[in-house]
Amino acid sequence: MRLGRTLPPAAAPVPLKSVLSGLKGVMRGKNELRRFEEELKTYHGSAHVFLVSSGKACLYLILKALQRLNPSRREVVIPAYTCYSVPSAVKRAGLTVCLCDIDPVTLDFDYSRLSRLLAERGDEILAVVPTHLFGVASDVPKVRKLTAGTPVTVIEDAAQALGGRLRGKPLGTLGDVGFFSLGRGKALSTVEGGVVLTDNGDLAKALFDELAFFGGYSALDLVNLAVQAAALALLMDPRLFWLPKALPFLKLGETHFDTDFALKRMSGFQAGLARGWQQRLEEASSARRRHTDAWAEALQGDGGAGLTSPAEGLLRYPLLVSEPTQRQTLLSASERLGLGVMAAYPRSLDRLSAMGAHCGDTHCPGAREVASRLVTLPVHPYVTDGDRRRIRKALPFTATSGGEAVP
Ligand SMILES: Cc1ncc(COP(=O)(O)O)c(C=O)c1O
């Protein structure tokens, strides 16, 4: 067990005074939620905002609303390498997961495969879910071009991308509907939480109707949230992060396929906890931009594929290591030295047996390559220049031996 300075892989500082705002938010209830909704609408220029308990609850809500509008279509195209919560939400909504392989260099869809899927299964497909993995912008405008003139809805998975932009437009607003996660380790955290954005009035009406089936937080849930918020405020600091990391029951960083997740409307506590979020987000984004640029520069000579899509202020900096064995060496060094270097999802979705049947691509070489070679480097505001130097030293390659900067 490591006792010294230990970096979390991703973190957004939660000031202790925000926990107090959260408690006040419980008193203010609906007013606090309305304030947060209005701020999110103004920031994103979106007509409609819905607040729920998680990113996966957002996706479930969107899919249920879309089924009301389009009951004959049952397939949802998702990237074959993404958070397991995404197929969990599709299955929970009673729909079929349709996998599309990804391009390991961009982490975005393999667009030749996506075009083929849309041509072959266009009549069955309800929605496509382009995803800004680690904050690397997916080419949502390209997905919209491919689906233009069809009833296929583009759901922008911006779970990891609050505050990011593509060609000047806020991520989350590029699809027909978008969502953010406000979970731990996201750009802004309310312990757990999710935000749905859309400009489409018909969809907003269906979202509103579906949201009526969601429950609220109980008093016990709120106490639990408050304790977790205080823990986030105190223990994400690298001087203390060794403590939660040493507690295996917290299962930090683990992701599971699990369709049994809570479907709740956001509480006043979470909206209160978010008070002042624009300034906090801007401060954290500026640190993430600085570290992202520094990693891009430092890794340039390392056989990097270069920045193929705009990457500003990522949530974690993705890097493909040449060999799975090199990756293991790096991850072990990170554990030993508390460097916050992490692998992401252990398997591509075509190999995730817990997920069960799916359609679309059955063999996803791009996603498999990423699952076996990807590591992420920390870029959050707790990272110092000294930390970056320590991480650089632990990277198992030199300028000639390879390692590819992904974004
Ligand atoms: C890409 C992506 N989509 C969806 C989700 C689901 O968000 P949540 O954990 O808030 O349910 C996550 C969570 O990490 C994610 O990374």
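As the structure is a computational prediction, the values presented were derived from the model and not from experiment.

A short note on the sheet that holds strand β5 (residues 153-157)
At step 1: Across the sheet, which stays open at both edges, the 8 strands sit in the order β1-β9-β8-β5-β4-β2-β3-β11 with mixed pairing between neighbours. Two strands lie at the open edges of the sheet, namely β1 (48-52) and β11 (359-360), each paired on one side alone.
At step 2: In the packing of helix α2 (residues 30-44) onto the sheet, contacts are made with β1, β8 (177-181) and β9 (194-198), and the angle to β1 comes to roughly 130 degrees.
At step 3: Along the sheet, helix α6 (residues 140-147) makes contact with β4 (125-128) and β5, crossing β5 at roughly 165 degrees.

A few points about the UniProt feature "modified residue: N6-(pyridoxal phosphate)lysine" (unreviewed entry) in the chain
At step 1: With numbering matched to this structure, UniProt assigns "modified residue: N6-(pyridoxal phosphate)lysine" (unreviewed entry) to K186.
At step 2: Within the secondary structure layout, K186 lies in the loop between β8 and β9.
At step 3: According to the relative accessible area criterion, K186 is buried, its value standing at 19%.
At step 4: In this view, K186 contacts A12, A159, Q160, S181 and L315; residues no more than four positions away in its chain are not counted.

Considerations on the pairing of β1
At step 1: The buried fraction of β1 amounts to 4 of the 5 residues, a majority that puts the element mostly inside the structure.
At step 2: With 5 bridges connecting them, β1 and β9 associate as antiparallel partners. In the sheet register, H48 faces β9, and the bridge partner there is T198.

Re the confidence of the model for the chain
At step 1: For the chain, per-residue confidence averages 92 on the pLDDT scale, and residues scoring 70 or more make up 93% of the total.
At step 2: pLDDT under 50 marks residues 303-310. Its contacts with residues more than four places away, or in other chains, come to 25 contacts.
At step 3: Predicted confidence is poor over residues 398-403, with pLDDT under 50, and the contacts of this stretch with residues over four places away or in other chains come to 18 contacts.

Overview of the site of the ligand
At step 1: The environment of the ligand is made up of 14 residues, and the closest members are G55, K56, D157, Q160 and S181.
At step 2: One nitrogen or oxygen atom from the side chain of Q160 is found 2.7 Å from an oxygen atom belonging to the ligand.
At step 3: Interatomic distance of 2.8 Å between a side-chain N/O atom of K186 and an oxygen atom of the ligand.
At step 4: Looking at the shell around the ligand, the elements that each hand over two or more residues are α3 (55-69) and α4 (85-92).
At step 5: Residues of the shell around the ligand, tallied by class, amount to 4 nonpolar, 7 polar and 3 charged.

Side note on the nonpolar core
At step 1: Counting residues in hydrophobic clusters, the biggest one holds 77 residues, and the most contacted among them are L63, I78, Y81, I155, V196 and L377.
At step 2: Two domains share this core, each providing at least three of its residues, namely domain 1 (16-211) and domain 2 (277-405).
At step 3: Other than its neighbours up to four places away in sequence, L377 contacts W295, L299, R316, Y317, L319, V341, I391 and L395.
At step 4: F36, F109, L166 and L174 belong to the second-largest nonpolar core, a separate cluster that totals 39 residues.

Procedures and definitions
- Residues numbered from 1 in each chain as written.
- Predicted model: local features only at pLDDT ≥ 70, side-chain atom pairs only at ≥ 80, totals over all residues.
- Heavy atoms only, no water.
- Pairing = 2+ DSSP bridges.
- Helix = DSSP H or I, 4+ residues; strand = E, 2+ residues; numbered from the N terminus.
- Contact = heavy atoms within 4.5 Å.
- Axes fitted to C-alpha atoms, helices over the stretch in contact; angles between N-to-C directions.
- UniProt positions renumbered as here; feature names shortened; annotations may be inferred.
- Buried < 20%, exposed > 50% of the residue type's maximum accessible area, 1.4 Å probe, protein only.
- pLDDT = per-residue confidence, 0-100.
- Near = heavy atom within 4 Å.
- Polar contact = N/O pair within 3.5 Å; in protein donor to acceptor, adjacent residues only side chain to side chain.
- Nonpolar A, V, L, I, M, F, W, Y, C, P; charged D, E, K, R; others polar.
- Core = buried A, V, L, I, M, F, W, Y, C linked by side-chain atoms within 4.5 Å.
- Domains from an automatic or database assignment.

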